[in-house]
Amino acid sequence: MNISKILLILTLLIMSSCNQDKKESNSQDKFAEEPHSFAQPNKAYIKHLKLDIKVDFDTQIISGTATYDIENNDSDEIILDSKYLDIVSVTADGKDTEFSLGKFDQQLGQALNIKIQKGTKQIAVTYNTTKDTEAVQWLNPQQTADKKYPFLFTQGQAILTRSWIPIQDSPQIKITYEANVQVPKHLMAVMSAENPKTKTTDGLYHFAMKQSIPAYLIALAVGDIEYKAISNRTGVYAEKSMLDKVHNEFSDMEKMVSAAEKLYGPYAWEQFDVLVLPPSFPFGGMENPRLTFATPTVIAGDKSLTSLVAHELAHSWSGNLVTNATWNDFWLNEGFTVYFEMRIMEAVYGKERGDMLALISRQDLNDELENLEDTPDATKLKLDLKGHNPDDSMNSIAYDKGYLFLRTLEEKVGREKFDAFIKTYFKVHEFSTMTTEKFVDYLNKNLLEKNNITFNTDEWIYKSGIPANQAIITSDKFKNVESKLAQFISTGNFDKEVTKDWTPQEWVHFVRNFPKTMTADQMLVLDKELNLTNSTNSYIQMVWYEQALNQNYHGNNVDKKIEEFLTQVGRRWYVETLFKAFKRNNRMDDALKVYEKARPNYHSVTVKTIDDLLGYKAK
Ligand code: BES
Ligand code: ZN
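Definitions and cut-offs
Residues numbered from 1 in each chain as written. Chains lettered and ligands numbered in written order. Predicted model: local features only at pLDDT ≥ 70, side-chain atom pairs only at ≥ 80, totals over all residues. Heavy atoms only, no water. Near = heavy atom within 4 Å. Polar contact = N/O pair within 3.5 Å; in protein donor to acceptor, adjacent residues only side chain to side chain. Areas by Shrake-Rupley, 256 points an atom, 1.4 Å probe, with all protein chains shown as cover. Helix = DSSP H or I, 4+ residues; strand = E, 2+ residues; numbered from the N terminus. Buried < 20%, exposed > 50% of the residue type's maximum accessible area, 1.4 Å probe, protein only. Pairing = 2+ DSSP bridges. Domains from an automatic or database assignment. Contact = heavy atoms within 4.5 Å. Buried area = accessible area lost by both parts, 1.4 Å probe. Salt bridge = Lys/Arg side-chain N within 4 Å of Asp/Glu carboxyl O. Nonpolar A, V, L, I, M, F, W, Y, C, P; charged D, E, K, R; others polar. Donors = N, O, S within 2.8 Å, 3.2 Å for Na, K, Ca; no water. Tetrahedral: all angles 85-135°; square planar, octahedral: opposite > 155°, others 65-115°. Axes fitted to C-alpha atoms, helices over the stretch in contact; angles between N-to-C directions. Parallel < 35°, antiparallel > 145°, perpendicular 65-115°, else oblique. Left-handed = near helix turned anticlockwise from the far one by under 90°.

What follows concerns the site of ligand 1. Neighbouring ligand 1 are 17 residues, the closest being Gln-157, Gly-284, Glu-287, Glu-312 and Tyr-399. For ligand 1, a nitrogen atom lies 2.7 Å from a polar atom in the side chain of Gln-157. Contact distances for ligand 1 include 2.7 Å between an oxygen atom and a side-chain N or O atom of Tyr-399. Burial of ligand 1 by the protein amounts to 88% of the accessible area it has alone, namely 530 Å². Counting residues per element, the shell around ligand 1 draws most heavily on helix H4 (residues 307-314), which supplies three residues.

Right, dumping it as structure tokens:
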């Protein structure tokens with residue numbers, strides 16, 4: 001054997017041992033490191049959940065058993081996440097087994113360590129929720145639309161599911177589930193699963209979700225609700241007094257689903273329904289699969305705020321099919337979803353409406369950049385949230401900078417190529433999870449290199465601020481609004497006539513763009529002509545009330561209206577915007593007075609945000 005042959009064999013040997021190493025660490029790394037979960041899925045992970053629970057409105061406790069089919073990688077323990085749960089007993093393959101709860105962390109809760117054998121196939125945890133459980137809001141009849149029966153809903157995203165189900169609460173771990181839920185006889189239960197369309201006589205409901213989903217998408221609502229179909233695969237759930245209004249408002253849902261499918265491929269979840277909740281629901285919408293949860297503040301009577309439905313529908317691809325692997329990759333969920341939302345709105349309602357929505361997003365981005373001036377790291381798309389609660393740290397950068405990035409990219413490569421790319425991206429990665437790095441790699445290989453295009457992707461994703469090559473967004477409608485506003489500022493007169501065809505988006509743009517020199521007297525002139533204080537559109541109300549606080553305007557009983565708004569509505573974005581304005585304008589005493597009244601109506605997500613903002617300590 002000559003030297004070169006020996007060298008060759010040696011090289012081959014080294015290479016193959018390297019490969020082996022790589023393979024081993026790859027299989028160990030099936031799951032990436034996740035800073036917001038105690039689970040160590042590379043040891044053992046859950047695959048299927050069977051939930052048997054009872055919802056008791058008298059004690060305000062959910063109790064029962066969560067049974068999991070598991071995959072064990074030779075480990076002697078499996079770790080679940082739990083927070084504020086009372087764990088009663090745990091079994092492994094039907095026999096009692098040892099378990100222990102780890103040290104409590106304010107953000108993450110506690111690890112639930114469960115002893116298993118190498119061959120263990122199933123574990124079961126019997127538990128009760130407690131009064132501290134964060135995901136669940138129990139509403140009394142007065143807090144509902146019909147005011148007759150109590151109501152309950154859960155909110156899982158980002159890391160709250162662990163407070164009502166012991167679970168591996170990481171977006172990387174996807175499971176199928178089924179559930180048996182016992183509720184009081186006159187109420188209906190619905191979940192992010194195949195749902196009933198009528199009430200059962202015994203209050204017992206069975207659910208199945210056959211596609212695998214991350215824990216944050218498991219959701220439950222219980223109330224005196226009814227169903228009304230829009231098409232054979234879309235429809236709405238709401239309380240009786242709201243049902244027809246909701247049905248009218250969302251009557252374009254089937255059009256939206258068709259438009260979405262035409263863009264990026266078949267809807268994968270069979271049914272797309274929306275449940276309209278009582279006004280304390282802390283978000284505009286939540287994309288629970290098969291059943292989006294939505295705030296009633298979008299029921300404006302004129303379909304003007306239904307881009308929310310397009311948004312949650314878009315998550316059926318970006319988020320629910322292809323899921324951010326960790327909360328640091330949150331922009332992959334929301335940035336793609338805003339982009340897709342705009343495309344659906346453009347397809348269904350035309351370019352003019354699309355342009356207005358895009359420009360509102362662009363202005364939201366400017367506002368957020370201003371807010372985050374002192375923390376430039378928070379303006380990166382890829383975040384580093386270790387040690388932070390994702391629910392406090394996720395801002396609108398993921399949405400609006402994410403959108404601007406994708407729109408800029410679209411303009412660079414052309415719509416046709418871009419659409420084909422996204423469609424394939426969803427198909428190739430359906431029912432799996434995505435990290436930012438994996439996405440960049442996929443983008444480089446399948447869009448940029450292929451078409452010989454250079455693009456500053458890394459700058460967009462890993463650097464703060466907005467790169468210089470950003471797409472420029474304009475709207476003729478908004479230009480007209482700006483000129484009408486300028487006219488008013490220079491003449492002091494406003495002719496209502498010119499606004500008779502204005503959409504709520506134009507009103508929002510008008511109000512949001514008051515100059516810094518605007519005075520309370522000028523607002524009074526406008527209010528006399530336009531009565532904006534008594535608008536019935538929640539979005540216009542929010543921006544007008546914010547301006548009232550900024551300009552120290554007190555006409556038309558606006559302070560009373562602001563108080564009413566804040567005590568009825570729990571949508572965090574609205575509530576936070578207004579309490580921030582109180583604070584900025586040195587009206588903390590007024591803020592605390594209103595908050596004292598409003599706080600009992602809010603879900604824990606909103607409570608936490610406003611407690612922190614106002615430095616409020618519960619008595
Ligand atoms: N998935 C989000 C809501 C969310 C985000 C809950 C992060 C918890 C943590 C939902 O899709 C969303 O973005 N809702 C928006 C509405 C949308 C039209 C921008 C909202 O609630 O305002
Ligand atoms: Zn979203």
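Of all six residues that make up strand E7 (residues 110-115), five are buried, and the element is covered over most of its length. Relative to E7, strand E3 (residues 77-82) runs antiparallel, the two sharing six bridges. Note that in E7 the partner of Ile-79 across the bridge is Asn-113. Pairing between strand E6 (residues 99-101) and E7: three bridges, direction antiparallel. When the sheet's bridge partners are listed, Ser-100 is paired in E7 with Asn-113.

Turning our eyes to something else, we now look at unusual backbone geometry. Omega for the bond connecting Gln-157 with Ala-158 falls within 30 degrees of zero, at 0°, which places this linkage in the cis form. Tracing the chain through its elements places Ala-158 in the loop between strand E10 (151-154) and strand E11 (174-182). Even without glycine at this site, Asn-552 takes up a positive phi of about 60°. Along the chain, the position of Asn-552 falls in the loop between helix H15 (538-550) and helix H16 (558-568).

Here we come to the domain arrangement of the protein. We note that the domain assignment places domain 1 (44-223), domain 2 (317-462) and domain 3 (476-614) within the protein. The partner domain 3 presents twelve residues to the twelve residues of domain 2 that form the contact. At the boundary of domain 2 with domain 3, total buried surface from both sides reaches about 1,100 Å², with 51% on carbon and sulfur atoms. Seen at the junction of domain 2 and domain 3, the total is three salt bridges. A salt bridge links Asp-364 to Arg-512, with the nearest nitrogen and oxygen atoms 2.5 Å apart. Our count for the contact surface shared by domain 2 and domain 3 stands at four residue pairs in polar contact (both at pLDDT 80 or more). Among the secondary structure elements, those contributing two or more residues to the side of domain 2 that touches domain 3 are helix H6 (351-371) and helix H7 (390-393). At nine residues, the largest contribution of residues to the side of domain 2 that touches domain 3 is made by H6. By residue class, the composition of the side of domain 2 that touches domain 3 is four nonpolar, three polar and five charged.

Turning our attention to the side chain of Asn-395. Relative to the elements of secondary structure, Asn-395 occurs in the loop between H7 and helix H8 (397-413). Asn-395 sits in the buried class, given a relative accessible area of 17%. A polar contact of 3.4 Å, which involves the side chain of Asn-395, links it to the backbone oxygen of Ala-378. Among the polar contacts listed, one links the side chain of Asn-395 to the backbone nitrogen of Ile-397, at a separation of 2.8 Å. Dropping the residues within four chain positions of it, Asn-395 is found in contact with Glu-368, Leu-372 and Ala-378.

In this structure, His-311 (NE2), His-315 (NE2), Glu-334 (OE) and Glu-334 (OE) serve as the protein donors to the zinc ion (ligand 2), at separations of 2.0 to 2.7 Å. Coordination at the zinc ion (ligand 2) is irregular: its six donor atoms span angles of 53 to 158° at the metal. Mapped onto the polypeptide sequence, the residues donating to the zinc ion (ligand 2) form the spacing pattern H-x3-H-x18-E. On the basis of relative accessibility, which here comes to 8%, the residue His-311 falls in the buried class. According to the relative accessible area criterion, His-315 is buried, its value standing at 0%.

Following the sequence through the fold, Ser-304 ends up in the loop between strand E19 (291-294) and H4. Between the alpha carbons of Ser-304 and Tyr-539 there is a distance of 9.8 Å; along the sequence they are 235 residues apart.

What follows covers the packing of H4 against helix H5 (residues 330-349). The geometry of H4 relative to H5 is characterised by a closest axis approach of 8 Å and an angle of 130° between their N-to-C directions. Taken together, H4 and H5 sit at an angle that is classed as oblique. Here the hand of the crossing between H4 and H5 comes out right-handed. Contact residues: H4 offers Ser-307, Ala-310, His-311, Leu-313 and Ala-314, while H5 offers Glu-334, Thr-337, Val-338, Phe-340, Glu-341, Ile-344 and Met-345.

As a further point, take the sheet that holds E3. The strand order across the open sheet formed by three strands is E3-E7-E6, and the pairing between neighbours is antiparallel. The two strands at the open ends of the sheet, each matched to only one other strand, are E3 and E6. Between one strand axis and the next, the sheet turns through 20° on average, direction left out of account.

This paragraph deals with the pairing of strand E2 (residues 61-72). Across twelve bridges, the pairing between strand E1 (residues 44-56) and E2 is antiparallel. Within E2, the position partnered with Lys-54 by the bridge is Ser-63. Linkage of E1 to E2, two consecutive antiparallel strands, is achieved through a turn of four residues, within which Gln-60 is found at a positive phi near 55°. Both E2 and strand E8 (residues 122-129) contribute to a ladder of seven bridges, which runs antiparallel. Its bridge partner lying in E8, Gly-64 is registered against Tyr-127.

The geometry of helix H13 (residues 504-512) relative to H15 is characterised by a closest axis approach of 9 Å and an angle of 10° between their N-to-C directions. When the interaxial angle is binned, H13 and H15 end up roughly parallel. The residues of H15 that touch H13, namely those facing Pro-504, Trp-507, Val-508, Val-511 and Arg-512, are Tyr-539, Ile-540, Val-543, Trp-544 and Gln-547.

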